[in-house]
Amino acid sequence: MFGLKADWSVDIKERYFALGDYAGGEARWCPGCGDHAVLTVVQRICRDNQMPPEMTVAVSGIGCSSRLPHYMGTYGFHGLHGRALPVACGIKSRRPELDVWVATGDGDCYSIGAGHWLHAVRYNMNMTVLVFDNSIYGLTKKQTSPTTPIGFKSNTHPQGSILEPLNPLTATLGISNVSFLAQTVDWNPAHLYATIKAAHAHKGFSLVNIIQRCPVYSDQISKDLQENPSKLLLLTHDKGIPVEEKLLRFFPNHREHDPSNMSEAYDIATFLSPTPVGLLYHNPDVPCYEDLSSQGLNMGVEDKLAGINAAFDQFAV
Amino acid sequence: MSKTKQAVRINEHIVEIVSDSGEGAQKAGQTFGNISAKMGNGVWTVEIIPAEIKPPARSPAGASGIRIRLGSSYITNMGNAADIVVALNEQVLYSRIATHAYKKGTVVLLENKWLTDPNPEIVKQYESSVAEFRDNGLVVVEVPMEVECLKLTPRPRLGKNMFVLGILSYIYSRDIDKAYREVEHTFQRKGQKVIDLNHKLLQAGYDFAQENIDYHYEIPLWRAPDSKDPLIVTNGNQAMGLGVMASGMDLVSMYPITPATSASHYLADVYHTVGGFVHQAEDEIAAVGFAIGASYAGKTACTITSGPGLALKTEFLALAVMAEIPLVIGVVQRGGPSTGLPTKVEQGDLLASLYGEPGDAPKIVIAAATIEECFHFVVMARKLAETFRTPVILLTDANLGTGVQPYPRPKAKAEWLASPIDQSPWKKDIPPFDWNEETGLSSRPIVGQPGGEYVLTGLAHTKQSKVAYDRDSNQRGCNMRSRKLAALYGTLKPPEIHGDAEGDLLVVGWGSTLGAIEEAIDQMRDDGHKVSSIHLRFLSPLEPGIKEIFAKFKHVLTIEINYSDEADAPLITAGNRRYTQLAMILRAQTLVDVDCWSNVHGQPLQPGLIYDELVRRLNLKN
């Protein structure tokens, strides 16, 4: 609170931001939707880190997840279906000082925006990417998504989904320059908070796949995981997502996993049951594209004019 | 040794050098063009690009080379049939003949080494082609280029182009000192040995021509040699790249597409010298999305593409219109539809630029008519985009993109550069779309401005940028975005009329056809015809006063390089005839019965073809 430290010293900031400073319009997700929990966590992390709202941008595509910017009190960009990542990367390219969040979904990111997902991982720009993975298209009312389990009935596959779902974890780990990949669940606030906080702290492209409840269209899909925590595998490690003692008790299955170990991360990512939650992979040393793309940002007018005149001279006859 | 020949004075000539690719024809032609520009001739050069990626040697599909038109006035287009062609084999000439590049009397200086080729098939091909060319009226002069070059180098294939440059330098009385300097400049990175050899080859070609070639011309200069008003020589894509730099843009976000990519190649080489960055995106959609992201964050950005890329960018363009994000989109048009004619010219993307997006997406569309305008219009486009808070499409085409011309060297100006972004506090009571009711204009908060936080959305929205599905909000947003074009229209001047302000026929053009149309009009007027032309740079909004100009002419005709039904083609009636793209717009906007003439041959329009068509039409009507 107000910079009051453990030694009773007071650090009085010129501006102090409360949760309300990060709140925008009233969230219009369905009651019981997992998105509410994610929004709350994002706002808390912004507050905890005292991020100036004007230096924070929430970027999204289209879908239920992508309404998030409207509920933030920061700058926001609610763009096109599947296209949050190119926009977010463009924002970051010449404004590396901005704190960029991306809210996307399993359809938005892994289907229509799949090409951008792949390349955004490779660019490794410093941003926090939250994939609200409810295994269904919710906004457009129950169509099969890339992560819908085989056999699940939707409006596009009333006899049941006919393809094996895409595994976003193994797919992401297969992309060069991957630097941060975690998975969590929306219904465990402590783990959700700790995971997104770690993702935000990472300098690079942090992708968090959030297994998220859609109480209206795909309730059954995550119900089993909610009701039976033994279906989840909590990844623990000093370098992983910090978990408190009581959280350990909540998850009966644990596994010690060093997130710098790629081959083990890949093994874990292939587990369908129990479903891994925690930090699968982390490499803090991958170069960030904005360090290249922002070069020359502060060049002065005189230098620019000299450069332009030199360019003309190259073509002089 | 020298036979003194009197140089014949001519006003202009068209020269081609054609060969298999890799024989340096383009380098020789560019050097010849530079020498001519420096001497003070008007020059236009255009590359001849092979139709296939790796065509076999000695094949029509492999024709690679360059056309240089040089004259005693400012040259604005590639002209009609060539006067002199230098060919390194006879087969490549067939593809040029197929495009009507030559006429009866065109002189072909032909490498004759094929006559002694060990392969009897080649000898036969060569002999029969030469006979055929002669039968068809070409004046074939056989030149032992290989033999002459072998006297100086064991690898004549690499040096022959400089021998050719020497021949042309003699024929056109080029200043040989300038030629030496230009060759030195061309090879400066390769060391003195290479320069010396190429100087020898140049001189050998010159001497050979003086001794053996009967053609010798002088072309009066258009401007004083080494004039103090400096010129630069670029193609249109390089000009566009220079425009990006001179406008102070931060970022070019692109995906490779012919024939636009060379603009980005150029920028990738030099953009860092002015602090800019070229982002090669994963696809066309990401390229525009990335640029939009940067622009939303206050940085000035541009994307450069061609027709198929424009199609892919459609949804993002609509977002930029809807959410009022400044953006410059350069479109170097090529032949369509679909993959079409990637390396060839067409003006087929006008309607796609204006109306490509579902829903109403008003934006500014301008078209450069000259290579120089490819430069200046980028600077203008950036300012328009920011002032009107809208995307601006700048149309050029393959003809401008690859054509090379000298033009006055611009001087970089501080006021052309984008201003630094405003990070001062935003007045909280001013909404992000504080539309002026009359003009639709508003200023926008930039990320980082405290108090300006808003959520940009592609959904219908209020002036607070709040999602709104009600009827009044959507109507109002559409009104405001459209109003901006009306506001811009109010600042534009009517097009200048080339020729008299009244007459029998007015030709209307846009884009790269300017030079060819005006040349044809000048010739018509010299012949006593009452014809004039206008050339539009603004297509959205249109320039004012057009209807009033039309009223002074008996007939109005657009000339364009995009598809139209011929009025007398089978099944075509007044009810179903499809007009060219500008004609459609002009008919709708002016209610004047504007006619059109066009083809989609994938070639720049020749002034001679335009002249013939105009004469035909006037005869029909009289």
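Residues numbered from 1 in each chain as written. Chains lettered and ligands numbered in written order. Predicted model: local features only at pLDDT ≥ 70, side-chain atom pairs only at ≥ 80, totals over all residues.

Chemist: Just give me the short version of the overall build of chain A, but keep the residues and values in it.
Modeler: Each helix and strand counted, chain A has eleven helices and nine strands in total. Expected size for 317 residues packed as a compact globule is a radius of gyration near 20 Å; at 21 Å, chain A falls within 12% of this value. The principal-axis extents of the C-alpha atoms in chain A amount to approximately 70 × 60 × 40 Å. Within the span of chain A, comprising 317 residues, buried residues form 51% of the whole. Across chain A, the fraction of contacts at a sequence separation of at least 24, relative to all contacts at a separation of at least 6, is 64%. (Helix = DSSP H or I, 4+ residues; strand = E, 2+ residues; numbered from the N terminus. Rg over C-alpha atoms; globule rule 2.2 N^0.38 Å. Buried ≥ 20, exposed ≤ 12 C-beta atoms within 10 Å, placed from the backbone. Contact = placed C-beta atoms within 7 Å.)

Chemist: Could you give an account of unusual backbone geometry, naming the residues involved and the relevant values?
Modeler: Following Thr-258 of chain B, the chain continues into Pro-259 of chain B via a peptide bond in cis, with omega recorded as 0°. With respect to the secondary-structure elements, Pro-259 of chain B resides in the loop between strand S10 (251-254) and helix H9 (261-270). Looking along the chain, the bond that leaves Ser-540 of chain B and enters Pro-541 of chain B is cis, with omega of -5°. Positionally, Pro-541 of chain B belongs in the loop between strand S20 (538-540) and helix H18 (546-550). Positive phi, close to 65°, is recorded for Lys-142 of chain A, a residue that is not glycine.

Chemist: Describe the interface of chain A and chain B, listing the residues and the values that go with them.
Modeler: Between chain A and chain B, the contact holds 46 residues from the first and 58 residues from the second. For the side of chain A that touches chain B, the secondary structure elements donating two or more residues are strand S2 (75-78), helix H2 (84-94), helix H4 (114-123) and helix H11 (301-314) of chain A. Per-class residue counts for the side of chain A that touches chain B are 24 nonpolar, 17 polar and five charged. When S2 of chain A meets strand S17 (residues 455-457) of chain B, the two strands line up parallel, connected through three bridges. Residue pairing in the sheet places Phe-77 of chain A in a bridge with Leu-456 of chain B of S17 of chain B. (Nonpolar A, V, L, I, M, F, W, Y, C, P; charged D, E, K, R; others polar. Pairing = 2+ DSSP bridges.)

Chemist: Describe the pairing of strand S15 (residues 391-397) of chain B, with residues and values.
Modeler: All names here are of chain B. Within S15, seven of the seven residues are buried, which leaves the element mostly enclosed by the surrounding structure. Judged by which residues are buried, S15 turns out to be covered on both faces: Pro-391, Ile-393, Leu-395 and Asp-397 on one side and Val-392, Leu-394 and Thr-396 on the other are all buried. Note: strand S13 (residues 327-333) against S15, seven bridges, orientation parallel. By the bridge assignment, Val-328 is partnered in S15 with Val-392. Across four bridges, the pairing between strand S14 (residues 364-367) and S15 is parallel. Among the inter-strand pairings, Ile-364 is bridged to a residue of S15, identified as Val-392. The parallel pair S14 and S15, bridged by helix H14 (residues 371-388), forms a crossover whose chirality is right-handed. (Right-handed = clockwise from strand over helix to strand, strands pointing away.)

Chemist: How would you summarise the nonpolar core if you had to cite specific residues and measurements?
Modeler: Burial of nonpolar side chains together is a common tendency in soluble globular proteins. By size, the foremost hydrophobic cluster in this structure holds 259 residues, and its most contacted members are Val-59 and Val-102 of chain A together with Leu-394 of chain B. The element that contributes the greatest number of residues to this core is H14 of chain B, accounting for eleven residues. Listed in part, the five residues of the second largest apolar core include Cys-33, Ile-136, Tyr-137 and Tyr-217 of chain A. (Core = buried A, V, L, I, M, F, W, Y, C linked by C-beta atoms within 7 Å.)

Chemist: How would you summarise the packing of H11 of chain A against helix H8 (residues 236-246) of chain B if you had to cite specific residues and measurements?
Modeler: If you want to describe how two helices pack, look at the angle between their axes and the distance between the axes. Direction vectors running N to C along H11 of chain A and H8 of chain B enclose 165°, while the axes themselves pass 9 Å from each other. One way to sum up the angle between H11 of chain A and H8 of chain B is to call them roughly antiparallel. Relative to H8 of chain B, H11 of chain A is oriented so that their crossing is left-handed. In this structure, H11 of chain A contributes Ile-308, Ala-311 and Phe-312 of chain A to the contact, and H8 of chain B contributes Leu-242, Met-245 and Ala-246 of chain B. Looking at the contact of H11 of chain A with H8 of chain B residue by residue, the class counts come to six nonpolar, no polar and no charged. (Axes fitted to C-alpha atoms, helices over the stretch in contact; angles between N-to-C directions. Parallel < 35°, antiparallel > 145°, perpendicular 65-115°, else oblique. Left-handed = near helix turned anticlockwise from the far one by under 90°.)

Chemist: How would you summarise the environment of Asp-48 of chain A if you had to cite specific residues and measurements?
Modeler: Relative to the helices and strands, Asp-48 of chain A resides in helix H1 (residues 35-48). A C-alpha to C-alpha distance of 12 Å links Asp-48 of chain A and Ile-196 of chain A, two positions 148 residues apart in sequence.

Chemist: Which residues make up the domain arrangement of chain B, and what values go with them?
Modeler: Often, the extent of an interface is quoted as the loss of accessible area on bringing the components together. Residues and elements named next belong to chain B. For chain B, the domain assignment lists domain 1 (8-218), domain 2 (234-416) and domain 3 (503-621). Counting residues at the interface gives 21 residues for domain 2 and 18 residues for domain 3. Of all the secondary-structure elements, those providing two or more residues to the side of domain 2 that touches domain 3 are helix H13 (350-355), S14, S15 and helix H15 (398-402). Element by element, the count of residues in the side of domain 2 that touches domain 3 is highest for S14, at four residues. Of the residues that constitute the side of domain 2 that touches domain 3, the class distribution is twelve nonpolar, five polar and four charged. (Domains from an automatic or database assignment.)

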